[in-house]
Amino acid sequence: MSSLEPTSGPPKGIGPMQRREARLAYGMLAPTFLIIASIVLIPLLANFWISFKPVQLADLRPPTPVANERIRGDANAAGDQVRIEYRLRNSSRERGIADVVMTDSWPAGLTPVELDARCVIENQSLRCDLGDLEGGYRERLRIEVTVGQAFLDASINPRDSKPVLSGDSENILTNAELTLENFRKVFAGSEFWSVLKVTIYYTVFGTAGALVLGLFAALLMNQAFRGRAILRGLFLFPYVAPVIAVAFTWVVLLDPFSGALNAILQQTGAAGGPINFFGQREASFKLFGFEFTFPLALTTVIAFEAWRYFPLSFLFILARMQSISGDMYEAAELDGASPLQQFWYLSLPQLAGILSVLFLLRFIWTFNKFDDIFLLTGGGAGTRTLTVDVYEQGFALANLGAGAAVAVVVFVVLFTFSIVYFRFSPKDEG
């Protein structure tokens, strides 16, 4: 009997051809990966690096030696004496410059009476080894000269040639000096924790408001009625309009003296006087005999945030709702389910995934939002967020290191939130 040979199983792993194809694919995608990584990582790493540097806005311009030449005296005849004066200074008041050398052309016919020990004249060229210039250095280098006939005949002005200076200065952005002082200033500041609280309050309620308004708008637009297409287009207006235009409109409408909203509130008796919605930190009201206080300016900015960005949520939620099969709702109606029960038990579980994605995106975008608050309140009246603090530290106070440190705090908070989100975010059920 001939023995049956065992049949070979399916191939395991990948073959030489597949490996070559994989290498080719990775090689073709490598430039794209490198470009994306450089766009994302290089600014991020640069921000981390600056946050550990004691760098001010003025430090972006490296210290340089500066010289201005002046002529004192009149040279009308041979034998007259004049003085050539160089006003030297260090452009930086704190950082020094090493091995500074100044060179300038020396006109024929000028004979120095007394030359500075640091200077020599060779081949019609002046060279001065000035050495190290400390921060804030200023000096007047004077050279007394006697005028000769050759100088008068040539009609040369020594100021026609610009002195050239060279030297070595340490770049504070690239040296090895690192410090935690920026983070100490940030966390030790009396306003940081209140600013962080305002940022979280603004982000959470602004994001939730945009999602809730978007959900209500999607539920409304998911029904068939005349003029639905026009109304859908109008719902997109807050999102597509220029932010500076809508922000200015809100400021005008809510102006305490000439705004339409204040006029309506006062004429109807709802308000006893003008309300400064964007300039008043807190407002109080009574309910059932209890007095409550809430942040007025911050709440108004949150309302603007929810109104401006709900169209994005509206579009995504409406698209998801229109992809849900209508058979479930028909079956629920036959079973006697109310519209609220249909929404809670059928629609909401189907929308959980898109709502969680929208919450992540809107949370990140709102946490990083700067232009809305800056245009509406400038960060005043209790609306200062971390992004506004980055601007004020980096540019208003000219402390780039502290501004970068606040930006690192923003990154850490968002990175932590993203990890928690991906760990616990809900998924669609269908």
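For the structure, see preceding data.
Keep in mind that what you see is a predicted model, and the values were worked out from it rather than measured.

Student: With reference to specific residues and values, describe the overall build of the protein.
Tutor: Helix and strand counts for the protein stand at 14 helices and ten strands. In summary, the protein has a C-alpha radius of gyration of 36 Å against a globular reference of 22 Å for 430 residues, an excess of more than 25%. When the 430 residues of the protein are sorted by exposure, 35% land in the buried category. Accessible surface for the protein amounts to roughly 25900 Å². Of this, 62% is attributable to carbon and sulfur atoms. If the 35 positive side-chain charges of the protein are averaged to one point and the 39 negative ones to another, these points end up 5 Å apart.

Student: Explain the sheet that holds strand β5 (residues 119–122) residue by residue, including any values.
Tutor: What the four strands build is an open sheet, ordered β5-β6-β3-β8; its pairing is antiparallel. Among the strands making up the open sheet, the edge pair consists of β5 and β8 (164–168). Sheet twist, expressed as the mean angle between neighbouring strand axes with direction ignored, is 20°. With seven bridges joining them, strand β3 (residues 97–105) and strand β6 (residues 125–133) adopt antiparallel strand pairing. Note on β6: the bridge partner recorded for S105 is S125.

Student: If you had to explain the state of the cysteines to someone new, which residues and values would you point to?
Tutor: Applying the stated criterion across every chain yields a total of one disulfide. The disulfide bridge from C119 ends at C128, spanning 2.0 Å between sulfur atoms. Here the S-S torsion is close to 110°, and the disulfide linking C119 with C128 is therefore right-handed. By relative accessible area, which is 5% here, C119 ends up buried.

Student: Explain the nonpolar core residue by residue, including any values.
Tutor: Ranked by size, the top nonpolar core spans 21 residues in total, and within it Y86, L88, M102 and L126 carry the most contacts. Elements with a minimum of two residues in this core: β2 (81–90), β3, β6 and β7 (138–147). Ignoring anything within four residues of it in the chain, the contact list for L126 reads Y86, M102, T103, D104, W106, L115, C119, V120, I121 and I143. Membership of the second largest hydrophobic core comes to 18 residues, among which are A247, A283, L296 and V388.

Student: Run through the side chain of R362, naming residues and quoting values.
Tutor: In this structure, R362 sits in helix α11 (residues 339–367). Classification of R362 by relative accessible area gives buried; the value is 2%.

Student: Would you mind going over the environment of L236 in detail, with residue names and values included?
Tutor: Positionally, L236 belongs in the loop between α5 (228–235) and α6 (237–240). Judged by its relative accessible area of 27%, L236 is partly exposed. Placed 74 residues apart in sequence, L236 and F310 show a C-alpha to C-alpha distance of 8.7 Å. Apart from the residues lying within four places of it in its own chain, the contact partners of L236 are P311, F314 and L315.

Student: Account for a negative patch on the surface, with residues named and values stated.
Tutor: The grouping of D99, D132, E134 and D168 at the surface amounts to a negative patch. Mapped onto the secondary structure, D132 falls in strand β6.

Student: How would you explain the packing of aromatic side chains if you had to name every residue and give the values?
Tutor: Here a ring pair, both rings aromatic, is described through the centre-centre distance and the interplanar angle of the planes. Taken as a whole, this structure holds 22 aromatic pairs when the rule is applied. Taken together, a centroid distance of 5.2 Å and an interplanar angle of 85° make the contact between W250 and F304 edge-to-face. One end of the pair, W250, is in helix α7 (residues 243–253); the other, F304, is in helix α9 (residues 296–322), and 54 residues separate them in sequence. Given the relative accessible area of 16%, W250 is considered buried.

Student: Break down the pattern of salt bridges for me, with residues and values.
Tutor: The full count for this structure, using the stated rule, is 13 salt bridges. Between E305 and R362 there is a salt bridge, with its nearest N and O atoms 3.1 Å apart. Taken together, the positions of E305 in helix α9 and R362 in helix α11 put the pair 57 residues apart, joining distant regions of the chain. Across this residue pair, the class does not change: E305 and R362 are buried.

Student: Explain the packing of α7 against α9 to me, and be specific about the residues and the numbers.
Tutor: In contact at an axis separation of 12 Å, α7 and α9 are set at 135° when each is read in the N-to-C sense. If you check the angle between α7 and α9, you find them oblique. Considering how the two elements wind past one another, α7 and α9 form a crossing that is right-handed. Across the interface between the two elements, V243, V246, A247 and W250 from α7 touch T300, A303, F304, W307 and R308 from α9. Split by residue class, the contact of α7 with α9 holds seven nonpolar, one polar and one charged.

Definitions and limits used
- Residues numbered from 1 in each chain as written.
- Predicted model: local features only at pLDDT ≥ 70, side-chain atom pairs only at ≥ 80, totals over all residues.
- Heavy atoms only, no water.
- Helix = DSSP H or I, 4+ residues; strand = E, 2+ residues; numbered from the N terminus.
- Rg over C-alpha atoms; globule rule 2.2 N^0.38 Å.
- Buried < 20%, exposed > 50% of the residue type's maximum accessible area, 1.4 Å probe, protein only.
- Areas by Shrake-Rupley, 256 points an atom, 1.4 Å probe, with all protein chains shown as cover.
- Lys, Arg positive; Asp, Glu negative; His and termini not counted.
- Charge placed at Lys NZ, Arg CZ, Asp CG, Glu CD.
- Pairing = 2+ DSSP bridges.
- Axes fitted to C-alpha atoms, helices over the stretch in contact; angles between N-to-C directions.
- Disulfide = S-S within 2.5 Å.
- Core = buried A, V, L, I, M, F, W, Y, C linked by side-chain atoms within 4.5 Å.
- Contact = heavy atoms within 4.5 Å.
- Patch = residues over 30% accessible without salt bridge, like charges linked within 9 Å, V, L, I, M, F, W, Y side chains within 5 Å.
- Salt bridge = Lys/Arg side-chain N within 4 Å of Asp/Glu carboxyl O.
- Phe/Tyr/Trp six-rings, centres within 6.5 Å; stacked < 30°, edge-to-face > 60°.
- Parallel < 35°, antiparallel > 145°, perpendicular 65-115°, else oblique.
- Left-handed = near helix turned anticlockwise from the far one by under 90°.
- Nonpolar A, V, L, I, M, F, W, Y, C, P; charged D, E, K, R; others polar.

These results come straight from atomic positions and should not be treated as a statement about function.
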